[in-house]
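Architecture at a glance
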Amino acid sequence: QTKSEANIRWFKKKIFYTFWGKVLDKINSAANSGILVKVLGMKDPQAIYPRIAFHAGDDPAQHEVVGIKCGSNVKHGCIRCMYNFREGGQYKRNIHNLRNLAEIQNIRECEEIFVNSLKGGKCNRADNKRLQALEEKGYHPINNPFFNAPFGIDNHIYNTPVDLMNTIGITMDSNNNR
């Protein structure tokens, strides 16, 4: 991949996340302060505090929204956990931990390093190692507005249902090809 291709890919992601950042600003505002809604059968308007249940979409769209890389060369390509696709094998709950929001600060710092390199800046060895480690975990080095979306208590962008339609379809296809 050339530096120009990397710039274009990053720019497209930045536009995507900037759009959703603007949308989520409004949702966050309503989630924090509430909005008054007239409910049939009640005399006074009622305050509601909207939450995002989870993001929906097919598998490529889910990966795009979450900011997790996908493909056969990604070590940890699962949206929900750190299962190692290169090694394969059975999923083990005690080894393949669920993703959590602890990585966000590192993602934000790596975005600065990545943008600097896209602008022609030099990265030192430690910065390159940080970017590689982030990539190994499957994360894109870009701040995602969904990190701060109002998913409710104990919910976040990595705690979402999988794309069952494509999962079932892939399972059926692989069963037919055996």
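Rules used in this analysis
Residues numbered from 1 in each chain as written. Predicted model: local features only at pLDDT ≥ 70, side-chain atom pairs only at ≥ 80, totals over all residues. Heavy atoms only, no water. 1 Å grid on protein atoms, 1.4 Å probe; cavity = no way out; pocket = protein on both sides within 12 Å on 5 of 7 lines; lining within 4 Å. Points joined across faces, edges and corners; volume = space filled by probe spheres on them. Nonpolar A, V, L, I, M, F, W, Y, C, P; charged D, E, K, R; others polar. Salt bridge = Lys/Arg side-chain N within 4 Å of Asp/Glu carboxyl O. Helix = DSSP H or I, 4+ residues; strand = E, 2+ residues; numbered from the N terminus. Buried < 20%, exposed > 50% of the residue type's maximum accessible area, 1.4 Å probe, protein only. Phe/Tyr/Trp six-rings, centres within 6.5 Å; stacked < 30°, edge-to-face > 60°. Axes fitted to C-alpha atoms, helices over the stretch in contact; angles between N-to-C directions. Parallel < 35°, antiparallel > 145°, perpendicular 65-115°, else oblique. Left-handed = near helix turned anticlockwise from the far one by under 90°. Contact = heavy atoms within 4.5 Å. pLDDT = per-residue confidence, 0-100.

Taken as a whole, this structure holds 1 cavity of 30 Å³ or more when the rule is applied. By volume, the largest cavity amounts to about 30 Å³. What lines the largest cavity is simply Val66, Gly67, Ile107, Tyr139, His140, Ile142, Asn144, Phe147 and Tyr158. Class assignment of the residues belonging to the lining of the largest cavity gives a composition of 6 nonpolar, 3 polar and no charged.

Another point: the pattern of salt bridges. Summed over all chains, the structure comprises 5 salt bridges. One salt bridge in this structure joins Lys75 and Glu136, with 3.8 Å as the shortest N-O distance. Linking Lys75 in the loop between helix H2 (59–66) and helix H3 (104–118) with Glu136 in helix H4 (residues 125–136), this pair joins segments that are 61 residues apart in sequence. For Glu136, a relative accessible area of 32% puts it in the partly exposed group. Residue Glu103 pairs with Lys137 through a salt bridge whose shortest N-O separation is 3.2 Å. Of this pair, Glu103 sits in the loop between H2 and H3 while Lys137 sits in the loop between H4 and helix H5 (164–176); the two residues are 34 residues apart in sequence, bridging distant segments of the chain. Take Glu103: its relative accessible area is 14%, and that puts it in the buried class. Overall, Lys137 belongs to the partly exposed group, its relative accessible area being 27%. Three or more residues joined by partner-sharing salt bridges are found here, namely Lys75, Arg86 and Glu136.

All chains considered together, the criterion is met by 4 aromatic pairs. Ring geometry for Trp20 versus Phe146: centroids 5.7 Å apart, planes at 45°, classification tilted. Linking Trp20 in helix H1 (residues 3–33) with Phe146 in the loop between H4 and H5, this pair joins segments that are 126 residues apart in sequence. Judged by its relative accessible area of 6%, Phe146 falls in the buried class. Of the aromatic side chains, those joined through ring pairs into one cluster are Phe19, Trp20 and Phe146.

Attention shifts here to the packing of H3 against H4. Their axes nearest at 10 Å, the elements H3 and H4 cross at an angle of 125°. Relative to H4, the element H3 lies oblique. The two elements H3 and H4 cross, and the hand of that crossing is left-handed. In this structure, H3 contributes Asn106, Ile107, Glu109, Cys110, Ile113 and Phe114 to the contact, and H4 contributes Asp127, Arg130, Leu131 and Leu134. When grouped by side-chain class, the residues that make up the contact of H3 with H4 number 6 nonpolar, 1 polar and 3 charged.

The interhelical angle for the contact between H1 and H3, taken along N-to-C directions, is 135°, at an axis separation of 10 Å. It follows from the interaxial angle that H1 and H3 lie oblique. You can see that H1 and H3 cross each other, and the crossing is left-handed. Between H1 and H3, the residues in contact are Lys3, Ala6, Asn7, Trp10 and Lys14 and Glu111, Phe114, Val115, Ser117 and Leu118, respectively. Taken together, the residues of the contact of H1 with H3 break down into 5 nonpolar, 2 polar and 3 charged.

Turning next to the confidence of the model for the protein chain. Predicted coordinates in regions of low pLDDT should not be interpreted in detail. For the protein chain, per-residue confidence averages 80 on the pLDDT scale, and residues scoring 70 or more make up 84% of the total. Within the model, pLDDT remains below 50 along residues 169–178, and this stretch shows 0 contacts once partners closer than five positions in the same chain are excluded.

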